[in-house]
Amino acid sequence: MQSLKITIQFKSPLASDLHSDTIFGQFCWVFGYLFTINRLEEVLKDFKQKPFIVFSNGFLKNHVAMPILKPLSIDDVEYENTKKFKKLQEIDIKYLKSPLKAKDLLPALSSNEENYYQKQILLKNSINRLTNTTIDGGLYQTVETFFGENTKIDIYSKYDEGIITDKEIEEVFVNIGLMGFGKDKSTGKGRFEVVSITKNPSVLEYKPTNTFVSLSCGVPCDDCEVLFGKTFTKFGKHGGFNIANPFKKPVILFKAGSTFKIKKEKPVFGLGLNLSSYETHMHSAYMLPLFINVEE
């Protein structure tokens, strides 16, 4: 499989998390619109055995998910820094050194990096579209992400060059940026532009290691086993149009940053799932590996 780093810059707030499976879902719909639904169904035909493309989560430029590692010893960190360390969601790739130990990532706490984005809770009213008035008890909140003017986001990908080309991938992402990513895109949320496409990024370079850090939300396959990880339940929905039942079955995914032991060498790990009442609709629980030895 070939690898890419897609660097994007948001032009409007984001109302959805940049999870790998959500990116894959929207990628597939736009791919189908551009190159026909028949072509989309063809590339998804063997997805459970051989994915044609796998994505990472979206990270700040030159950052990856904070690795989930063997817990720090009480002697390794001052008490007041413990909570700060646990709250780190992403980390600059310059701090990643093999073998990876939690205490070696402590210098990231003293980094002078700016706060590139901020999540805010917004209050909104439900509207009765017949009367154009607010509904009693219809006050609700949403969480949106606002980005700095110069903030850039990296999304990593591996793809089968025999099925899809890098030019097609770029075209799909350009169109996603014009349409908007995630929910509320019809109101202008999630608009971005593609800044650059980098082939063979060093982060995805294969290394002969015993372990890897997942850059995606996923489900482990038989070729790897969990070392340290955190899970969450995803209640997915279909994108696209003319979907009678938009809801998927819930699935428990390991968060990006979870660490795994390798049983068999592969370019990507994880599973392709069908969580839908539609047989041809796939959900990507594949994981992009960052190959690095981890303290067990």
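Here's a quick rundown of the structure. (Residues numbered from 1 in each chain as written. Predicted model: local features only at pLDDT ≥ 70, side-chain atom pairs only at ≥ 80, totals over all residues. Heavy atoms only, no water.)

### Details of a positive patch on the surface
Selection rule: In this analysis, a patch consists of residues with relative accessible area above 30% that form no salt bridge, clustered at 9 Å for like charges and at 5 Å for the nonpolar side chains Val, Leu, Ile, Met, Phe, Trp and Tyr. Note on areas: these come from Shrake-Rupley sampling with a 1.4 Å probe, and a residue is covered only by the protein chains present in the view. What counts as a salt bridge is simple: a side-chain nitrogen of Lys or Arg found within 4 Å of a carboxyl oxygen of Asp or Glu. For the purpose of charge, His is not counted, nor are the chain termini; Lys and Arg are scored as positive and Asp and Glu as negative. A single reference atom marks each charge: NZ on Lys, CZ on Arg, CG on Asp, CD on Glu. By the criteria applied, helices consist of DSSP H or I runs no shorter than four residues and strands consist of E runs no shorter than two, each listed in order from the N terminus.
A cluster of like positive charges, contributed by K83, K86, K87, K230 and K255, occupies part of the molecular surface. For K87, the location among the structural elements is in helix α3 (residues 79–87).

### A look at empty space enclosed by the protein
For the record, the criterion: Method remark: on a 1 Å grid restricted to protein atoms, a set of points is classed as a cavity if a 1.4 Å probe fits but cannot get out and as a pocket if it is open with protein on both sides within 12 Å along at least five of seven lines; lining residues have an atom within 4 Å of a point. Grid points are joined across faces, edges and corners, and a volume is the space filled by probe spheres set on the points. Each residue receives one of three labels: charged for Asp, Glu, Lys and Arg, nonpolar for Ala, Val, Leu, Ile, Met, Phe, Trp, Tyr, Cys and Pro, and polar for the others, Gly being one of them.
Summed over the entire model, instances satisfying the criterion amount to one cavity of 30 Å³ or more. Its volume calculated, the largest cavity comes out at about 40 Å³. Along its surface, the largest cavity is lined by I8, L18, I23, Q26, F27, I155, F173, I176, F181 and F192. Of all the elements in the fold, those that place two or more residues in the lining of the largest cavity are α1 (20–35) and α4 (166–179). Element by element, the count of residues in the lining of the largest cavity is highest for α1, at three residues. Grouping the amino acids of the lining of the largest cavity by side-chain chemistry returns nine nonpolar, one polar and no charged.

### A word on the packing of aromatic side chains
How we decide: Each Phe, Tyr or Trp ring (for Trp, its six-membered ring) is paired with any other whose centre lies within 6.5 Å, and the angle between the two planes then decides the class: stacked below 30 degrees, edge-to-face above 60, tilted in between. Relative accessibility decides the category of a residue: with a 1.4 Å probe and only protein chains considered, values under 20% of the type maximum give buried, values over 50% give exposed, and everything between is partly exposed.
The tally for this structure, following the rule as stated, stands at 18 aromatic pairs. Aromatic pair F212 and F269: ring centres 4.6 Å apart, planes at 15°, arrangement stacked. A residue pair is termed long-range when its members are at least 10 positions apart, and F212 in strand β9 (residues 211–214) and F269 in strand β14 (residues 269–273) qualify at 57 residues. Just as F212 is buried, F269 falls in that class too. Members of the aromatic cluster, connected to one another through ring pairs, are F24, F27, F31, F35, F47, F52, F55, F173 and Y286.

### Section: the packing of α1 against α4
For clarity, the cut-off: Where helices are involved, their axes are fitted lines through C-alpha atoms of the stretch in contact, as for all axes, and angles between N-to-C directions lie from 0 to 180°. Oblique is the label for any angle not covered by the other classes, which are roughly parallel (under 35 degrees), roughly antiparallel (over 145) and roughly perpendicular (65 to 115). Residues are treated as being in contact if the distance between any of their heavy atoms lies within 4.5 Å.
The contact between α1 and α4 brings their axes to 9 Å, and the two run at 105°. By the criterion of interaxial angle, the relationship of α1 to α4 is roughly perpendicular. Counted together, I23, Q26, F27, V30, F31, Y33, L34 and F35 of α1 and E168, I169, E171, V172, F173, N175, I176 and M179 of α4 form the full contact between these two elements. Of the residues belonging to the contact of α1 with α4, the class tally is twelve nonpolar, two polar and two charged.

### Description of α1
Formally: In this scheme, a helix's expected span is set at 1.5 Å multiplied by one less than its residue total.
If you check α1, its first and last C-alpha atoms are 22 Å apart, about what 16 residues at 1.5 Å a residue would give, namely 22 Å. The buried fraction of α1 amounts to twelve of the 16 residues, a majority that puts the element mostly inside the structure. Every buried residue of α1 is listed here: S20, D21, I23, F24, Q26, F27, C28, W29, V30, F31, G32 and F35. Positive phi appears at T36, one or two residues downstream of α1, with a value of about 85°.

### Quick look at the sheet that holds strand β10 (residues 224–228)
For the record, the criterion: Pairing between two strands requires that DSSP report at least two bridges joining them.
Across the sheet, four strands lie side by side as β10-β13-β9-β16; this open sheet has antiparallel pairing. A single partner strand is all that each edge strand has here, and the edge strands are β10 and β16 (289–291). Adjacent strand axes in the sheet meet at a mean angle of 40°, parallel and antiparallel pairs treated alike. Strand direction decides the pairing type here: β9 and β16, joined by three bridges, are antiparallel. Directly across from V213, in β16, lies its bridge partner L290.

### With respect to α4
Along its 14 residues, α4 runs 20 Å from first to last C-alpha, staying within 8% of the 20 Å computed at 1.5 Å per residue. Positive backbone phi, approximately 105°, marks G180, located one or two places after α4.

### Notes on the pairing of strand β15 (residues 283–287)
If a strand is regular, its side chains alternate between the two faces of the sheet. For β15, the buried fraction is high: five of the five residues fall into the buried class. In β15, alternate side chains face the same way, and those of H283, A285 and M287 on one face and S284 and Y286 on the other are all buried. Here β14 runs beside β15; their pairing, made up of five bridges, is antiparallel. Paired with G272 across the strands is S284, a residue of β15.

### Regarding the pattern of salt bridges
Following the criterion strictly, the structure yields twelve salt bridges and no others. In this structure, K189 engages E144 in a salt bridge whose closest nitrogen and oxygen atoms are separated by 3.8 Å. Residue K189 is located in the loop between α4 and β8 (192–199), and its partner E144 is located in strand β6 (residues 133–147); the two are separated by 45 residues in the primary sequence. The class of K189 is buried, set by a relative accessible area of 14%. In this structure, K261 and E296 form a salt bridge, with 3.8 Å as the shortest nitrogen-oxygen distance. With K261 in strand β13 (residues 259–262) and E296 in the segment after β16, the pair connects residues that are 35 residues apart, well separated along the chain. On the accessibility criterion, K261 (30% relative accessible area) is partly exposed. A network of salt bridges, in which partner residues are shared, links K124, E144 and K189.

Any functional reading would require information that these geometric values do not contain.
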